[in-house]
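Given next are the chains, with one letter for each unit.
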Amino acid sequence: MLVATALPAAGSDLLQIEGPAFRAGWRVRLGSGADADAVVRVITGVIASVDAAMSPFRTGSEISVFNRAETTDWQPLSSQTLATIAEAQRIADKTRGAFDPTLGGLVGRYGFGPITAGPEGAIHDLTVGAGGARKAHPRQTLDLCGIAKGHALDRCVAALESLGLRTFFLELGGEVATRGLKPDGTVWRAAVERPLPGQVAPQCVVGLTNEALATSGDLINSYALAGHRYNHIINPQLLAPSDTALASVSVFAARAITADALATALFAMGSEQGPAFAQAAGLDALFLSRDGPGLRQDITGRFADRIIWG
């Protein structure tokens, strides 16, 4: 059930609206004068559209139909799916292949996804054209879970702006995007969770203005077996789950789709290569790595400038 609640915040009223999305949830905070019904309508519309297009868990989604078609012929895809694939290819280039959504079969093999076919080729073996895409390998599959949520968040932002809203805080499955300032004139704040079992507490609190923040980690989607830690993020170099001391990566970017994919790629790189790459690329990122009973913190770019507490 969707719930709309007015919450007091620093002398002003904030309206908080929340609901389910992608096996998690969404929530938006904005001025109390907003039309809650309109907000619910546009956000749930975006979520339903993205889920129908890119969920590998839905047998009838565009991406599931694409995956089942063992052909190198052109296949029709919506503009949102094609735009997401194009951004995936751009991030794959930027990260030297550390982001590759054609490895969904390995994600499934380790128990984290519904795709069971072995991986074929790489993300650049897909050709994207007007109205569709074409595989180079007939059995190639796509798992866009490492980027689709960011795409959905960007579309939710655009949908709220279409309602005339210019100041809000929007969270979708742990990823955040903001516009403007809070009604009291201060920046919106988001907590980066401390990624250790049994420790529900923030590692730090950051301020956001007109930008997005995404985090990838292994706190929830992971398990230990025979001395190894297995999680849902595949290292394309090893063709196996990333297995380093890295526990989470948080990344700022102008768009949520970019932050989402970069966080996934940097986590796949691991606790040493990831920070080195982010520093060289000028990415604003926070790496939290397991260090005995605690955490080691590596900060790159201008991430430190946004930390308000911690």
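Residues numbered from 1 in each chain as written. Predicted model: local features only at pLDDT ≥ 70, side-chain atom pairs only at ≥ 80, totals over all residues. Heavy atoms only, no water.

Draft legend 1. Focus on the packing of helix α1 (residues 36-54) against helix α3 (residues 79-94). Where α1 meets α3, the axes come as close as 10 Å, and the angle between the chain directions of the two elements is 70°. By the angle class used here, α1 and α3 are roughly perpendicular. Pair α1 / α3 crosses with right-handed handedness. Of the residues in α3, those in contact with Ser49, Val50, Ala53 and Met54 of α1 are Gln80, Thr81 and Thr84. For the contact of α1 with α3, the residue count by class is three nonpolar, four polar and no charged. (Axes fitted to C-alpha atoms, helices over the stretch in contact; angles between N-to-C directions. Helix = DSSP H or I, 4+ residues; strand = E, 2+ residues; numbered from the N terminus. Parallel < 35°, antiparallel > 145°, perpendicular 65-115°, else oblique. Left-handed = near helix turned anticlockwise from the far one by under 90°. Contact = heavy atoms within 4.5 Å. Nonpolar A, V, L, I, M, F, W, Y, C, P; charged D, E, K, R; others polar.)

Draft legend 2. Examining the side chain of aspartate 100 more closely. Checked against the element boundaries, aspartate 100 lands in the loop between α3 and α4 (104-109). Although aspartate 100 is buried, it forms no salt bridge, and the closest oppositely charged side chain is lysine 135 at an N-O distance of 13 Å. Here the side chain of aspartate 100 touches isoleucine 123 through a polar contact of 3.3 Å, landing on its backbone nitrogen. (Buried < 20%, exposed > 50% of the residue type's maximum accessible area, 1.4 Å probe, protein only. Lys, Arg positive; Asp, Glu negative; His and termini not counted. Salt bridge = Lys/Arg side-chain N within 4 Å of Asp/Glu carboxyl O. Polar contact = N/O pair within 3.5 Å; in protein donor to acceptor, adjacent residues only side chain to side chain.)

Draft legend 3. Main features of the layout of surface pockets. The calculated volume of the second largest pocket comes to roughly 260 Å³. The wall of the second largest pocket is formed by 14 residues, among which Ser64, Asn67, Arg68, Ile115 and Thr141 lie closest to the centre. Looking at side-chain class alone, the lining of the second largest pocket contains five nonpolar, five polar and four charged residues. (1 Å grid on protein atoms, 1.4 Å probe; cavity = no way out; pocket = protein on both sides within 12 Å on 5 of 7 lines; lining within 4 Å. Points joined across faces, edges and corners; volume = space filled by probe spheres on them.)

Draft legend 4. Local environment of α3. For α3, built from 16 residues, the straight-helix expectation of 22 Å at 1.5 Å per residue is met to within 8% by its first-to-last C-alpha distance of 22 Å. The inward-facing, buried residues of α3 abut α1, α2 (62-68), β5 (127-129), β6 (132-134), α5 (148-162) and α6 (256-269). Positive backbone phi, approximately 55°, marks arginine 96, located one or two places after α3. (Expected span 1.5 Å × (residues − 1).)

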